[in-house]
Structure formats: structure tokens, C-alpha cells
Amino acid sequence: MTGFSTDWLALREPFDQAARAAPIDPAFFAALKARVLDGGALAIVDLGCGTGANLREIAPRLGGRQHWRLVDHDARVLAALPDALAPWAAARGLQLRVDAGQPPVIDGPDGLHVEVTPHQADLVGALSALPLAGAHLVTASALLDLVSAPWLDALLQRCQAEDSAVWWALNVDDRIDWSPGDAEDARIHALFRAHQQHDKGFGPALGGAATAHATQRLAHPDWRVQTVQTDWQIDAHRGAAEAAMLYAMIDGIGAAASEQAPDEAEAVAQWQQRKRAQIGGLQLRVGHSDVLGWSGPSRLRRRAAG
Ligand SMILES: C[S@@+](CC[C@H](N)C(=O)[O-])C[C@H]1O[C@@H](n2cnc3c(N)ncnc32)[C@H](O)[C@@H]1O
């Protein structure tokens, strides 16, 4: 997998945050809390963590004592973690401590205490080596569409064996709607979707099928599953960040489409030109969804009974 730049991760984060405002079933949070012994910390593993956007989204919602293990293979994004945490902590009135050679620690109101351990590892082919033992929650954001069905199945098996809840956020789901539309949108999107299924190191990528696949595999009488729509809505007229995001989407979708069909590169370039010319009045909705799974009370009761 080629790297994701820290600039791209920073550009998308506000759109991810807005997309993730949809409510999550309170039973999910209750089930997590029920797993932690008095005074203990929730153990969370974030796969493909980038610069920690998923922690910034979820940690305040979980509250209390937490230990996050942030896993990524890219040393650059892990090194950028403290710089990405600092403005977020300041804006929320949280205290971030980064002592030399020590993992970051975040403290906040109502007993929020988050210890963060960065962990550099390649997720490909090393599932058994991943530090998932004892994890109460295995989470990832914007990762699932990169992985293959067999890889995801193996991860899920591991999570169910550990009885770890899962929250896999911001999986693209193939819906892309421009307003105004263009006669070439459907063709370009088809090329883009085909490109998304290329192998990113995990085998043929699930792309837009990731949430549906995960939801189907999570189906089990003892498990509860929630899917939540978490679309990006990008309206250029709202400001410079939105316009920059739209330019990035026009560049990215076009580059993938041309790579998928080099003989159509000219038509793709013209499509990009038309989109850029419309930028001030352009809107884009990109379909995403989150999938959450956790074992329900019946399984917890059976475990307690022995
Ligand atoms: C789209 S980014 C998402 C980053 C972050 N979760 C977020 O929401 O901003 C995907 C992340 O997965 C990581 N990644 C991709 N392939 C990986 C692999 N084989 N092993 C470990 N990390 C990987 C990338 O380095 C990148 O940080």
C-alpha cells in the first residue's frame, strides 16, 4: 500500500467528524462498560490509525479510563501523532502530556484518562502477531474498504474469539453524487470503483462492499450489529476547506479512473476540467457507513455462568 499523506488525513478529518455525528446505539457503549472491571481501563486497538483521527472521535464518547494501542505500518503517520493530538486537545480543554520517550497521555473532565501506545506493524499477513489479546474494542476508520474478504473474515474470527467489540468506521459504499451532475459521472465512477478493488496488499480489496460483507459476517444470534450512514457532504460554497476537499476529490477520482482505463485518460481530464470550472457551485456526497458489532447480554450471561 502506498502511503497516505498526513496532509490528506488532516484535510479529510473535519468531513469525517461531521459524517460521524449520527447516533450510536447506547447498548454498544453499555456493553463496553460492562466488560471493564471496576477501576480498569478500556483496552482499544485502532488498526490503520494514521494520525489518530479515530481516537479523537471515539475517546471522548467512551469517557473514563482508556488504553489505546494505535497500529499503523507507516512510521511517518505515527510520528505525526503528537502534533495531531495537540490542537484537538487544546480545542477541547483536555490536557495532553507528551514526555520525551513516553507515549502520549490525555486527561480531561469526568475522569477521562487516555493512554496512547503507538505500535508500528504491518497488518498484512500478521494478524496472529497483532496485539489483540484482551482488547475490549477493535476499531478502524477508513480502513475496511482497503482490505480483502479473507483478511476481514480472519480479523472477525479473532475479534469474536477475544469477545472484542468492533467499530469499523467510514467504509466507502459506492454512492457518489455530484450536484450539478455530469453526463460522464457514471462512467468515471465505474472506473473509480473498479480501481478501489485493486489489491492494497491484503488481496483484492472489498471497496464499496466492505460494510455489507462485515455486516453479513457479524450476523450471529449472540451478537448485535448496527450500521450507521456516515456520508461526507462537501459543499464548495461553505469555505476554503470544502473547496480544497472538492479539488482533492476531483484529482483523486480522476487519477484512479485514468489509471484504471488509460485509453480514457483524455475523457477523464475533460471531466476534471468541467468539475473544476464549476467548483463554486459544486456539491458532492460520498457514501460511507460504519459497522459496529458487540456480543449481547445472552452471551455475557453464558460467560458469567461459566
Ligand atoms: C485512509 S487511512 C486512514 C487513517 C485513519 N484511520 C483515519 O481515519 O484518518 C488508512 C491507514 O491505514 C494504514 N495502512 C494501510 N495499509 C496498512 C498495512 N498493511 N498495515 C498497517 N497499516 C496500514 C495507512 O498507513 C493509513 O494510515
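A brief report on the enclosed structure follows.

### A word on the packing of aromatic side chains
- Using the criterion set out here, one finds 7 aromatic pairs in the structure.
- Relative to Trp294, the ring of Phe28 lies with its centre 5.4 Å away and its plane at 75°, an arrangement referred to as edge-to-face. Within this pair, whereas Phe28 is found in helix 2 (residues 26-35), its partner Trp294 is found in strand 10 (residues 283-295), the two being separated by 266 residues in sequence. The exposure classification of Phe28 matches that of Trp294, with both residues buried.

### Overview of the side chain of Asp185
- By the secondary structure assignment, Asp185 is in helix 7 (residues 185-196).
- For Asp185, a relative accessible area of 8% puts it in the buried group.
- At 2.9 Å, the side chain of Asp185 forms a polar contact with the backbone nitrogen of Asp182.
- A distance of 2.8 Å separates the side chain of Asp185 from the side chain of Trp271, its partner in a polar contact.
- Each residue touching Asp185, except ones within four places of it in the same chain, is listed here: Trp178, Trp271 and Lys275.

### Topic: the site of the ligand
- In the region of the ligand, 18 residues are neighbours, and Gly48, Asp72, Asp122, Leu123 and Ser141 sit closest.
- Between His73 and the ligand, the recorded distance is 3.3 Å, taken from a backbone N or O atom to a nitrogen atom.
- When the residues that make up the shell around the ligand are grouped by side-chain class, the tally is 11 nonpolar, 4 polar and 3 charged.

### Here we look at the packing of helix 6 (residues 149-162) against helix 8 (residues 210-218)
- Following both chains from N to C, one finds helix 6 and helix 8 inclined at 40°, their axes separated by 11 Å at the closest point. As judged from the angle between their axes, helix 6 and helix 8 are oblique. Judged by the sense of rotation from one axis to the other, the crossing of helix 6 with helix 8 is right-handed. Along the contact surface, helix 6 presents Ala149, Leu152, Asp153, Leu156 and Gln160, while helix 8 presents Ala210, His213, Ala214, Arg217 and Leu218.
- For the contact of helix 6 with helix 8, the per-class residue count stands at 6 nonpolar, 2 polar and 2 charged.

### As for the pattern of salt bridges
- The full count for this structure, using the stated rule, is 19 salt bridges.
- Put simply, Glu13 and Arg56 hold a salt bridge, and the shortest N to O gap is 2.8 Å. Here Glu13, found in helix 1 (residues 6-19), pairs with Arg56, found in helix 3 (residues 53-62); they are 43 residues apart in sequence, far enough to count as distant.
- Residue Arg56 is classed as buried on the basis of its relative accessible area of 3%.
- The salt bridge involving Lys275 is made with Asp185; its shortest N-O contact spans 3.0 Å. Taken together, the residues span a long stretch of sequence, with Lys275 in helix 10 (residues 265-277) and Asp185 in helix 7 at a distance of 90 residues. Per residue, the accessibility class of Lys275 equals that of Asp185, and both read buried.
- Connected through salt bridges with shared partners, the residues Asp173, Arg175, Asp231 and Arg285 form a single ionic network.

What counts as what
Residues numbered from 1 in each chain as written. Predicted model: local features only at pLDDT ≥ 70, side-chain atom pairs only at ≥ 80, totals over all residues. Heavy atoms only, no water. Phe/Tyr/Trp six-rings, centres within 6.5 Å; stacked < 30°, edge-to-face > 60°. Helix = DSSP H or I, 4+ residues; strand = E, 2+ residues; numbered from the N terminus. Buried < 20%, exposed > 50% of the residue type's maximum accessible area, 1.4 Å probe, protein only. Polar contact = N/O pair within 3.5 Å; in protein donor to acceptor, adjacent residues only side chain to side chain. Contact = heavy atoms within 4.5 Å. Near = heavy atom within 4 Å. Nonpolar A, V, L, I, M, F, W, Y, C, P; charged D, E, K, R; others polar. Axes fitted to C-alpha atoms, helices over the stretch in contact; angles between N-to-C directions. Parallel < 35°, antiparallel > 145°, perpendicular 65-115°, else oblique. Left-handed = near helix turned anticlockwise from the far one by under 90°. Salt bridge = Lys/Arg side-chain N within 4 Å of Asp/Glu carboxyl O.

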